[in-house]
Amino acid sequence: MTTLPEQSYHFGVMRRAIALIDAGGGDLTLDWLAAQMGMSAAHFQRVFSAWVGVSPKRYQQYLALGHAKEVLRERCTMAEAACAAGLSGTGRLHDLFVRWEAMSPGDFALKGAGLVVHWGWFDSPFGPALVMGTAKGICGIGFAAEEGDKGVMADLRARWPKADFVHAPGQLRGWVEGAFGPQGQTPLHLMGAPFQIKVWEALLSIPPGHVTTYGQIAKAIGHPRAVRAVGTAVGRNPIGLLIPCHRALRKSGDLGGYHWGLPVKRGMLAWESARAEA
């Protein structure tokens with residue numbers, strides 16, 4: 001694997017801490033959490049601060065199940081307003097400029113036939129990530145923290161079963177560094193059905209630290225009654241993090257599902273909130 005191994009290690013610690021916080025009901029002391037991680041309190045504090053810039057105690061508040069409802073109430077983004085402002089087709093994600101190009105419906109129907117897809121494993125802020133890309137840009141990012149390496153590989157390859165997959169991390173490294181680093185420009189190649197691409201475009205308009213609902217996305221793309229279909233399209237997003245499907249919640253504020261595992265979704269939302277505060 002390449003790039004950001006330290007951040008990937010930090011997420012591994014965070015993933016174990018999330019399980020402990022869930023089991024303990026929150027409000028756990030720094031000393032107790034550090035001991036469970038096999039670290040000194042000072043080292044555990046440094047790991048947290050290096051990852052998000054806030055204390056473990058504060059981060060527990062972001063991980064609480066009620067935090068999503070609070071964000072939905074205070075920082076809910078109206079996707080249709082963003083689209084009306086001319087933001088469709090581009091988004092600014094945690095200091096990252098993204099430009100994208102969609103595959104034509106005819107090409108999508110070919111299921112990747114004649115397409116070369118490069119792939120490689122990289123470290124990311126949320127654990128090991130499988131990144132895939134065509135000549136036009138990144139077309140897939142999957143996270144293996146919950147699904148495992150084999151599961152993520154099988155999942156992404158099944159999206160374009162007739163494509164020619166080539167292990168070539170060197171072809172992707174520059175884009176990956178832009179995607180997971182503090183600043184850069186990363187091209188995306190959206191490969192999906194027209195309805196799915198409309199949903200992913202709406203997701204690109206949601207700023208970091210904000211969320212929206214499946215219902216608002218449905219309104220934004222002109223299909224207000226297609227909430228369930230929107231949820232399905234959100235779940236089929238192949239480019240984790242960069243197309244921020246983790247920012248889509250149920251109307252009630254519940255997290256709903258996440259293709260790469262709910263601990264990863266909770267980690268992403270808490271990470272973005274903490275970075276916004278820091």
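Described below are features of the structure shown in this document. Predicted, not measured: the structure shown is a model, and the values here were computed from it. (Residues numbered from 1 in each chain as written. Predicted model: local features only at pLDDT ≥ 70, side-chain atom pairs only at ≥ 80, totals over all residues. Heavy atoms only, no water.)

## Here we look at helix H9 (residues 149–159)
No. 1: Of the positions making up H9, those classed as buried are Val-152, Met-153, Asp-155, Leu-156 and Arg-159. Across the axial projection of H9, the buried residues extend over an arc of 165°, all falling on one side. What points out from H9, more than 90 degrees from its buried face, is the exposed set Lys-150 and Ala-158.
No. 2: Where H9 is buried, its residues contact strand S3 (116–124), strand S4 (127–133), strand S5 (138–143) and helix H8 (144–147). (Buried < 20%, exposed > 50% of the residue type's maximum accessible area, 1.4 Å probe, protein only. Helix = DSSP H or I, 4+ residues; strand = E, 2+ residues; numbered from the N terminus. Arc of directions from axis to C-beta. Contact = heavy atoms within 4.5 Å.)

## Observations regarding the environment of Ala-274
No. 1: Along the chain, Ala-274 falls in helix H14 (residues 262–277).
No. 2: Measuring from C-alpha to C-alpha, the distance between Ala-274 and Tyr-59 comes to 7.0 Å, with 215 residues separating the pair along the chain.

## Observations concerning the environment of Arg-228
No. 1: In this fold, Arg-228 is placed in helix H13 (residues 227–235).
No. 2: C-alpha of Arg-228 to C-alpha of Ala-218: the two residues are 10 residues apart in sequence and 9.0 Å apart in space.

## Side note on the pairing of S4
As a general feature of sheets, a regular strand has side chains that alternate between the two faces.
No. 1: The buried fraction of S4 is high, at six of seven residues.
No. 2: Counting the residues that bridge the hairpin from S3 to S4 gives two residues.
No. 3: Judged from the five bridges that link them, S4 and S5 form a sheet pairing that is antiparallel. When the sheet's bridge partners are listed, Met-132 is paired in S5 with Gly-140.
No. 4: Linking S4 to S5, which pair antiparallel, is a turn of four residues; within it Gly-137 sits at a positive phi near 155°. (Pairing = 2+ DSSP bridges.)

Read these as spatial facts, not as claims about activity.
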